[in-house]
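What the coordinates show
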Amino acid sequence: MDIKLLRIDSRLVHGQVANNWAGSLGAEAILAVSDSAANDELRKSLLLQTGGGKVKVHVLGVEKAARVYKNPKYAALKAIIVVETPADIVRLLDLGIEASEINVGGMTFKQGTSQVSQAVYASPEDVAAFIEIDSRGIPQYIQQVPSTGRSDLMPTLKSKGLA
């Protein structure tokens, strides 16, 4: 599988992903990877409609996404993989998905999170997962859409006293 973008976005698929990222990267498919979404028929149904006919959306659990990634049938597929949390990235990496870099696009505010950037809030568990990803030598950057600048995640976390 040709992963055009590996992104963390708590909303999974929405206009920024389906229109901006998919269009600018020439993606043919978006894999919304979330165990909770894959097991929630209403949420899954809504996510499947977000591609707008321009790109095919698939909703998969983490383990199934790893199997699809390894399947030779999908070797040439140009895809965006979007997960809800950095812990999901760690799981995907543990299951054999290769990543050259991670895009952190949006993580919504929840009780117990700290603001990292305008659109990114992280819990202590999220920060631990970011540190684990960093320890594997995989760069992580914050960028909402292709037309905006990117900033390195780890120095941002450190400047805020989170890592």
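Relevant structure appears above.
Description of the structure in this document. (Residues numbered from 1 in each chain as written. Predicted model: local features only at pLDDT ≥ 70, side-chain atom pairs only at ≥ 80, totals over all residues. Heavy atoms only, no water.)

A word on the environment of Val145. Inspection of the secondary structure puts Val145 in the loop between β8 (140-142) and β9 (151-152). Residue Val145 is classed as buried on the basis of its relative accessible area of 11%. Between the C-alpha atoms of Val145 and Glu84, which are 61 residues apart in sequence, the distance is 17 Å. (Helix = DSSP H or I, 4+ residues; strand = E, 2+ residues; numbered from the N terminus. Buried < 20%, exposed > 50% of the residue type's maximum accessible area, 1.4 Å probe, protein only.)

Residue position: Gln140 is located in strand β8. The exposure class assigned to Gln140 is buried, which follows from its relative accessible area of 4%. The residues contacting Gln140, other than those within four sequence positions of it, are Ile102, Phe130, Ile133, Asp134, Ser151, Asp152, Leu153 and Met154. (Contact = heavy atoms within 4.5 Å.)

This part takes up the environment of Met154. Examined against the element boundaries, Met154 turns out to sit in helix α7 (residues 153-159). Met154 sits in the buried class, given a relative accessible area of 9%. Considering only alpha carbons, one finds Met154 and Ile131, 23 residues apart in sequence, at a separation of 7.9 Å. Those residues in contact with Met154, other than ones at most four positions away along the chain, are Phe130, Ile131, Asp134, Gln140 and Ala163.

Turning our attention to helix α6 (residues 124-135). The first and last C-alpha atoms of α6 sit 16 Å apart over twelve residues, in line with the 16 Å expected at 1.5 Å per residue. Those residues of α6 lying buried are Asp126, Val127, Ala129, Phe130 and Ile133. Buried residues along α6 cover an arc of 160° about the axis, so they all sit on one side. Facing away from the buried surface of α6 by more than 90 degrees, the exposed residues are Pro124, Glu125 and Ser135. (Expected span 1.5 Å × (residues − 1). Arc of directions from axis to C-beta.)

Scanning the model with the defined rule gives one aromatic pair in all. When the ring centre of Tyr141 is taken as origin, the NZ or CZ atom of Arg150, which lies over that ring, is 3.5 Å away. (Phe/Tyr/Trp six-rings, centres within 6.5 Å; stacked < 30°, edge-to-face > 60°. Lys NZ or Arg CZ within 6 Å of the ring centre and 35° of its normal.)

Spatial relationships are all this shows, so hold off on functional conclusions.
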